[in-house]
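Letter by letter, the chains look like this.
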Amino acid sequence: MCFAVVQQASLDFGGDMGVDLAISWRTPDVVVAAAVLVCYAFILFGLVFAITLQSQVDGASPLTLSMVLLPLCASITVAGPTAGWATQRWGPRPVILMGFTFAAAGSCVLGVVPNLRLSPVSALVLTVAGAGLAGVQVASNTLLVMGFDEQRSGFAGALAGLVT
């Protein structure tokens, strides 16, 4: 909503339209990247929500819960540069596929195995899921920005931030 208001205000004052959304959504890479980023957001926030909810039901303290989620956040932060290197080497599509595979594997293991959420094994599982999510985020942002011309690529990156 805020994006549309700013876009319209820019046009009202004789400014340039930042990104022509009608044209950009016809580009297949932009559509695929936006869909991937939405799926990424659902997986990440769903995983955090499910772990938080189940940990509260199990009676975990907030400190314990933060320690359980720490490997997920740390692996996303650490795996980001590696995902950038992999995206540059192999392209965004294989990295997205590999990232979703790791994220799905971690999410499924946490969902299927009972009482794993508060065990030390959950750190390894969340590290794998976080590394996969980092790959998905970096590669899909690259794919989205590649769908725009050079002058609009920075604005497209900001648009990617709005999608997630």
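Above this text sits the structure in question.
Residues numbered from 1 in each chain as written. Predicted model: local features only at pLDDT ≥ 70, side-chain atom pairs only at ≥ 80, totals over all residues. Heavy atoms only, no water.

Before going further, it helps to examine the side chain of Ser-75. Here Ser-75 is to be found in helix α4 (residues 62-90). Among all residues touching Ser-75, those that are not within four sequence positions of it are Leu-126, Thr-127, Gly-130, Ala-131 and Ala-134. (Helix = DSSP H or I, 4+ residues; strand = E, 2+ residues; numbered from the N terminus. Contact = heavy atoms within 4.5 Å.)

So, on to the packing of helix α3 (residues 28-57) against helix α5 (residues 92-112). The geometry of α3 relative to α5 is characterised by a closest axis approach of 11 Å and an angle of 20° between their N-to-C directions. Relative to α5, α3 is oriented roughly parallel. Classified by chirality, the crossing of α5 by α3 is left-handed. Of the residues in α5, those in contact with Asp-29, Val-32, Val-36, Cys-39, Tyr-40, Ile-43, Leu-47 and Ile-51 of α3 are Arg-93, Ile-96, Phe-100, Ala-103, Ser-107 and Leu-110. Split into classes, the residues belonging to the contact of α3 with α5 amount to eleven nonpolar, one polar and two charged. (Axes fitted to C-alpha atoms, helices over the stretch in contact; angles between N-to-C directions. Parallel < 35°, antiparallel > 145°, perpendicular 65-115°, else oblique. Left-handed = near helix turned anticlockwise from the far one by under 90°. Nonpolar A, V, L, I, M, F, W, Y, C, P; charged D, E, K, R; others polar.)

A few words now on the pattern of salt bridges. Across all of its chains, the model carries one salt bridge by this definition. For the salt bridge of Arg-93 with Asp-29, the shortest nitrogen-to-oxygen distance reads 2.5 Å. Of the two residues, Arg-93 is situated in helix α5 and Asp-29 in helix α3; the sequence distance between them amounts to 64 residues. Here Asp-29 falls in the partly exposed class, since its relative accessible area comes to 22%. (Salt bridge = Lys/Arg side-chain N within 4 Å of Asp/Glu carboxyl O. Buried < 20%, exposed > 50% of the residue type's maximum accessible area, 1.4 Å probe, protein only.)

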